[in-house]
Every structure is written in structure tokens, then in C-alpha cells.
Amino acid sequence: MANLNIQSKEQRTYEAIVIGSGISGSWAAKELCDLGVKTLMLERGRNVEHIKDYPTTNMLPYEFEHRGQIPQKIKDENPVVSKCYAFREDAMHFFVKDAEHPYVQDKPFDWIRGYQVGGKSLLWARQVQRWSDFDFEGPARDGFAVDWPIRYKDIASWYSHVEKFAGVSGNRDGIDTLPDGEFLPGYDLNIVEKHFQEQLKKTYGNDRHLISARCAHIHEARPEFAAQGRAFCQNRNLCQRGCPFGGYFSSNSSTIPWALKTGNLTLRPDAVVHSIIYDEQAGKATGVRIIDAHTKEMEEFYAPVIFLNAAALNSNLILMNSTSNRFPNGLGNDNGLLGKYVAFHNYRAQVSGQYEGHLEYTTSGGRPTSGYFPRFRNVYKQETDFLRGYAAGFSASRGVRPNTEGIGMDLKNNLLNPDQYGPWYVGSHMMGETIPKESNYVALDPNLKDPYGMPQLIINVDYDDNDEKMIKDYQEQMSEMFEKAGFTNIRVNDDHRVPGLDIHEMGGVRMGKDPKTSLLNANHQLHAVPNVYVTDGASMTSTSTQNPSLTYMAFAARAAHHAVAESKK
Amino acid sequence: MNRRIALRHLALISGGLAFIPSCDFSSDDILTAYENLKITQSQKQLLGDISNVIIPAGEIKGALDIEVPDFILVMVDDCLDTDQQQLFTNGLAAFPDFAKSAGSNFQKLSTKEKDALILAGQKLEGDDTSAGEQNKAISFFLNTTKRFTVQGYMASEYIQSEVIPYSLIPGAYNGSVLISDIQKPRING
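Since the model is a prediction, treat every value here as computed from it, not as a measurement.

Thresholds applied
- Residues numbered from 1 in each chain as written.
- Chains lettered and ligands numbered in written order.
- Predicted model: local features only at pLDDT ≥ 70, side-chain atom pairs only at ≥ 80, totals over all residues.
- Helix = DSSP H or I, 4+ residues; strand = E, 2+ residues; numbered from the N terminus.
- Rg over C-alpha atoms; globule rule 2.2 N^0.38 Å.
- Pairing = 2+ DSSP bridges.
- Expected span 1.5 Å × (residues − 1).
- Buried ≥ 20, exposed ≤ 12 C-beta atoms within 10 Å, placed from the backbone.
- UniProt positions renumbered as here; feature names shortened; annotations may be inferred.
- Core = buried A, V, L, I, M, F, W, Y, C linked by C-beta atoms within 7 Å.
- Contact = placed C-beta atoms within 7 Å.
- Nonpolar A, V, L, I, M, F, W, Y, C, P; charged D, E, K, R; others polar.
- Axes fitted to C-alpha atoms, helices over the stretch in contact; angles between N-to-C directions.

### Focus on the overall build of chain A
Line of reasoning, step 1. Summing up its helical and strand segments, chain A has 13 helices and 21 strands in all.
Line of reasoning, step 2. Taken over C-alpha atoms, the radius of gyration comes to 24 Å for chain A, in line with the 25 Å a tight globule of 569 residues would show.
Line of reasoning, step 3. When the backbone C-alpha atoms are referred to their principal axes, chain A occupies close to 80 × 55 × 50 Å.

Right, here's the structure in full:
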């Protein structure tokens, strides 16, 4: 019996364990495997194999019973996830249903999750703008959160590293706030977007820009993508179904199969992580305790290095649930700040309008991206009564609309011969930086459990006065820019969405220089337990205005190399 | 989709076992295919007639030819909330009398009269009286039927494969296409 246990323990021992198979976890695993590290990747959801497990990917519109719409019963049962724009009939199987993983909303928070191998990398919006020092230096300059322990120079080469492999299309725009990267050819803006771009230059000089947003799509055939089994993006815009071409970056199409090919990766789906095991005598983490999603049995795995990449709030949850005599309040939580300083991106406001120019033109075909408006507020100095600023998405579109008036043969002929072009429609949405605060936090509920017996997460996150001022400024500024560009029928909107729907929740296990005020050091190691690395959204000290995934990839790759270098010391 | 195939199978099986009652369209059995709706076979037929007025057959098939009424009922059954379902079925139930008030049984009206009746019904406005409630239900029923007829027709296999073929791969983006350069095919319904 004793022998069996020893053998079993050996079989369950690896050189590294990565918790989570989404964007950041799969990058950590890929790098570790490339460096020869025998790695176990734990994923709480089911396995999703590239192509094979994309059941809707080649379905035609009429093959969806409700033509894409979510049935009322499912909406009623899932008030949270139903609010997500991508929760539609073609991709609903990749989202977590509300009852699967309940949580406590001390304040309203729409927690959107994807529990499967690949996580939300199947569902993301694929926008990959680099951060700059205007972002990394933000907290120190403006006196909030704590100073980031790293700067752009620490991460620049890792951005390049992940961009080359993931495939990033974009133009070298030469903008201070948005450093250029390793780009495949960018996608074109259309004629009205270019008009807006020119008008901005004319009115605001070099202060405000519109660019073609950099996106994680393959826009040029290269051997490094062929080696991954990935091909040119076909502009299908059906990404959320999983792409049979591997045209965009997902863990499933790229990093996971790559890591498996090295022979160093063991993938274990259906493993709900309970906690990280801490050995008090050794003074380090020694493994991970999981609950089998089917049998509900506990199992342990061991490794000298552990990467925690469970997605921002779940990484918080796991650390808080990893208690020991040494860490009664959660692993690495000596200062009581674990779970605090959670922040997100403010997407509440939109501005739309029409353009009556260029009426002789339209567009054809598809593209996987649109326009992007980098932050211009408070960049070089503080100039408004709110801190930080916002980026914005922008696009112009025009299509033929059939005349649906009336009934009978006229209606039928109008439907089959749509030839009435409307005006150009222009639209923009804000992506505002929110300020991490101690009062925006997550914690464990002392009583409520989820279906696996894990404590439920309490989420207590809200907007503040800074966000309200920023919304107003975005609405005013974007309206003014629209007016100056000759757009008409301008409408501003505040959809009053609650935090979470941005799916950019960050923080709770923030990086910093000082163990008294942060959880992670400059290398993403827990100050108090250096063989545990956290490289997903949980690690973020501040949020910037850029979509965060590219930065998680770069962080994970960088930390994986650090861990291997440490192990060789 | 699966359910519809299953229903067809069920019809085949039950038709073999008990052919007479299942094919007796004059009987008003409630259709079991739609869990949340109480719709009879004759009501479904009426719905079919209405959809056929909204998008009639011609050189190109019409709504009834490609089973759009079934799509309408699937959408009402699955994608509307309880209040909307009630309004829809009330409107459908009230429609025959509304037609009679225009002179005759709906089926016996001329095409022009049917057109006029549906257009008038779509514009009915409701109030709190019982007649007003009925008007509200009729206009909701007709407008919903039109919306789902257009959707079900345009997003049908027939239209998207034989008439205006849909492509999963739309081609590379061109952000400045001269409209005058685009060839417009004329499709005659």
C-alpha cells in the first residue's frame, strides 16, 4: 500500500503546474514546454480540441433553429451571461451558464466566464494594443494604487516574442501612447474612417489619432504559422465559434497544440482547482489540490513551480481558498490586500451618428477589426478634473437595406432586390481606465458554496466619481470630433451597464515593489511564496485603456522564462 | 431543427398507426410541437395563409412553400416571453372574426382584400376596453407574423442557397467600393 502511494505520488509529480488553459495559462505552458519543462496544465472545464470541438463553426445561418437568437427560457435562466454580446446561439456552448458557478453580487457585477480548454481565448475580441510607459508610469505619476515594478523596457521584447507567434496585424503608426510591434500587414480603414482620420489631423494636429486596430489575426502567410497548422484569416467574422483556419489566436489553435507537440505537456481537463498546497516546513508551495468535475473526488498534483492563470477573479478565489497555518487569510496574503484593488474597463458610453458624404461609395468583403482611437486625455500632463483617460473603438459602415414596407409581391421583390443605400453610420464606444481602489474587492463568502463545495466569491466592485466624469468627457469630446468631421444626427448614450460586462476585470493580486503593499514582485512571483507565479489579469496593478490580453501573454512568457532560469540556479 | 425532424418522424409514425385522426384537418387538436403555445391545426393553417399573403409564391417560392409558418411558431414558442406569447395567440384567435367583420371568411377573400385586411390589422391601436385589447392583440399578432415571416423567409435554406447564395467566406475587405461599379442582379419574385 505504501509503495503504491509513493508510486502514485511520483506519477502525479511534474516539473511545473499551470492552473488554467486560457490565453495566459496556455502561454505559460507553451514557454515552459519549449524550454523542456514537464508541465501539467489543469483546466476546470471540458476539453475543446481545435476544429473537432467547434460544432457550429461551418453552420449556415438557416441551420440555427432560432437564427442565432437565444431562446427566452435560456435567457430567463441566465440573466448574467445573456447580457454578453457574444452569447448567441452559435457560441453559447462556450460560455458558463449562471447556475454552473454562482457568486455573490454585493454590488451588481456581470461575471462572464468560459470554462473549457482554451477558456475565453475562443471568445475574445482579439484586440492587441501594446501598453506604453504612459500606462506603466500612471499610478506613480497620478498617485493611485502602487507603482508598477516594471516599465515598458522590461516587457517590450516579450511583446515582440508573443506577437511573432500569435500573429498580430497592424500598421506602424508611430504613436507615443501605443508602441509599434511585430506586425503583419494591417487591415484597411474604409473611406469614411479615413475621412475621420484626416479631419482629426486637421483639427487637433498630432494630438488625436484614429488607427486600424491591431488584431491577433493572420494577415500574411508565414512559415511560423504554417508550423502551428494555422492559416490566413478568411474574414468570416465568426470567430466566437472557434476558427477552423486558426485565423485568429486562440489557445486551442496555437499554444496548446504547440505545447502538446513538444511531448512535455500533460493536459488535464475537468479539474476544478481547490487550492494550492503550501508546505510549512519547506516554506514553499508544493502542489495543487483539485476536485474532479465528474467524480467530485479530490486529487493532488505536485510540482516545484506553480503558475496560477485561472482568469483574474478565479485566481483571487484560488489564492483565498489556499489557507494554511502560515497563511490563514490566503496564500501569500501577509498584508491583507489579496482580493483588493480590483478594477476593470469602463465601456458604458457610446456615440453614434451618420455621414452624408462619400455617398457614391460602400464597402465589400469582411475584416476582423475596425478603427481604434488611442487615449489622448491626460497623456503628457494632467489636464482634466478626472484622472487618466479612455481609448475608443470607432467604425463606419454602410449597407443596402431592403425596403420592408408593405406586404405581398412588392415586399417580396424589395426583399430580394435590396438596392437602397442608407447614409454611412458611424459609431464609437469608450474604453475607460478605472482606478483600482481598496473598496473595490472580491472575498470569499463564509457560508455559501458552489456545486463543487468551494466557497462562493463575493464581488464588490463599482464605478466612482472619476468614471462618471470620464463618461461625460468622452461623450462631449467624441461628439465634438464627430461634429468637426461633418457627421450628423449625433447621439450620445450611456447604457449604464454594470462592471464585468467589459470582461476586462483585473487586479486583486497586484504587482508592486513592496511586499507591504502588493502581492507579486516584478517577476510575477508571490512575494511570500516565490515558487508561485500569477500572470493573468489578477496581477494587474492598474488597467490602462488597452485591451489587456496581449499584455497577459507577454507577462506569462516572461515569467515562464524567469521560472526556468531560477530553477537552474 | 432537430425538433422539426423529430416531428416529421412522429407524423410518419402516428400517420401509419392512426392515419385518420391525425390527418383530419377539420378537427382542432392542439399541436403538441409548441410547448408554450396552444395552437390548433386550423390556426396553423390560417397562419400559413397569412404568411402566404405577406410573401406570396410566384416564380420564386413564397413563405408557405418553404414552411415559414413553422419557423414563426418555433420563434414565438421559444423566443418570446409569456406576455408576448399570450398576445400572439389572442391575436391569432381573434383574427377570423376580424376578417369576418371585413365581410367574409379570410380564405374566401380576394388577394387584394386579404392585403388590405392585413395592412389594416397591423395598424390597429388598442385601448383598455375589451375591443381595444383585442385590437392590440391582432396588431401584435400581425406585426410579429410579418417580422418572423421576413426573417424566416430571407434566412431560409432555399433563399440562401438557391436564390441569394450565402457565403461563409465573404472575401477580403474593400473599404471604398464605387456603388456604380457593383452589378445589381434583378431577382423577380
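What follows continues from the structure just given.
### Looking at the pairing of strand β8 (residues 298–302) of chain A
Two faces belong to every sheet, and in a regular strand the side chains alternate between them.
Line of reasoning, step 1. Relative to β8(A), strand β7 (residues 284–292) of chain A runs antiparallel, the two being bridged by five bridges. Counterpart to Val288(A) in the pairing with β8(A) is Phe301(A).

### Digging into helix α2 (residues 23–34) of chain A
Residue and element names in this part refer to chain A.
Line of reasoning, step 1. For α2, spanning twelve residues, the distance from its first C-alpha to its last is 17 Å, which sits close to the expected 16 Å at 1.5 Å a residue.
Line of reasoning, step 2. Counting buried positions over the twelve residues of α2 gives eleven, a clear majority of the element.
Line of reasoning, step 3. For α2, every residue scored as buried is listed here: Ile23, Ser24, Gly25, Ser26, Trp27, Ala28, Ala29, Lys30, Glu31, Leu32 and Cys33.
Line of reasoning, step 4. Positive phi appears at glycine 36, one or two residues downstream of α2, with a value of about 85°.

### Topic: the UniProt feature "domain: Glucose-methanol-choline oxidoreductase C-terminal" (unreviewed entry) in chain A
Line of reasoning, step 1. The feature "domain: Glucose-methanol-choline oxidoreductase C-terminal" (unreviewed entry), as given by UniProt, occupies residues 436–556 of chain A in the numbering adopted here.
Line of reasoning, step 2. For residues 436–556 of chain A, the end-to-end C-alpha separation is 22 Å, with 23% helix and 23% strand making up the annotated structure.

### A few points about the nonpolar core
Line of reasoning, step 1. Ranked by internal contacts, the top residues of the largest apolar core, which has 155 residues, are Ile17(A), Ile19(A), Val162(A), Ile306(A) and Met553(A).
Line of reasoning, step 2. Leave out the neighbours within four places in its chain, and Met553(A) touches Ile23(A), Ser24(A), Trp27(A), Val162(A) and Ala166(A).
Line of reasoning, step 3. Ile55(B), Ala63(B), Ile72(B) and Val74(B) belong to the second-largest nonpolar core, a separate cluster that totals 41 residues.

### Focus: unusual backbone geometry
A negative phi holds for most residues other than glycine; trans holds for most peptide bonds.
Line of reasoning, step 1. For His496(A), which is not glycine, the phi dihedral falls at a positive 55°.
Line of reasoning, step 2. Here His496(A) is to be found in the loop between β19 (488–494) and β20 (506–508).
Line of reasoning, step 3. Among the residues examined, His496(A) registers 9 C-beta atoms within 10 Å and is labelled exposed.
Line of reasoning, step 4. Positive phi values are uncommon outside glycine, yet Glu67(B) reaches one of about 60°.

### Focus: the environment of Pro102(A)
Line of reasoning, step 1. The residue Pro102(A) is located in the loop between α3 (72–77) and β3 (104–105) in this model.
Line of reasoning, step 2. With residues up to four places along the chain from it excluded, the contact list for Pro102(A) reads Asp450(A) and Gln456(A).

### Description of the interface of chain A and chain B
Line of reasoning, step 1. Every contact between the two is made by 39 residues of chain A and, on the other side, 44 residues of chain B.
Line of reasoning, step 2. For the side of chain A that touches chain B, the secondary structure elements donating two or more residues are β13 (361–364) and α11 (409–416) of chain A.
Line of reasoning, step 3. At six residues, α11(A) tops the list of elements feeding residues into the side of chain A that touches chain B.
Line of reasoning, step 4. For the side of chain A that touches chain B, the residue count by class is 14 nonpolar, 16 polar and nine charged.
Line of reasoning, step 5. Bridge count between β13(A) and strand β1 (residues 174–178) of chain B: three bridges; the pairing is antiparallel. Within β1(B), the residue paired with Tyr361(A) across the bridge is Leu178(B).

### A short note on the sheet that holds strand β9 (residues 306–308) of chain A
Where strands meet in a sheet, backbone hydrogen bonds hold them as pairs that are either parallel or antiparallel.
All names here are of chain A.
Line of reasoning, step 1. Pairing is parallel in the open sheet, where five strands are placed in the order β5-β2-β1-β9-β21. In this open sheet, the two strands that pair with only one neighbour each are β5 (265–268) and β21 (532–534). For this sheet, the mean inter-axis angle between neighbouring strands, taken without regard to orientation, is 20°.
Line of reasoning, step 2. As judged from the three bridges shared by strand β1 (residues 16–19) and β9, these two strands associate in the parallel manner. Looking at the pairing, isoleucine 17 lines up with isoleucine 306 of β9.

### Points about helix α6 (residues 152–166) of chain A
Residue and element names in this part refer to chain A.
Line of reasoning, step 1. Spanning 15 residues, α6 covers 20 Å between terminal C-alpha atoms, matching the ideal 21 Å at 1.5 Å per step.
Line of reasoning, step 2. The set of residues buried in α6 consists of Ile155, Trp158, Tyr159, Val162, Glu163, Phe165 and Ala166.
Line of reasoning, step 3. Packing partners of the buried residues in α6 comprise α2, α8 (223–226) and α13 (549–567).
Line of reasoning, step 4. Of the residues flanking the end of α6, it is glycine 167, one or two places downstream, whose phi is positive at about 85°.

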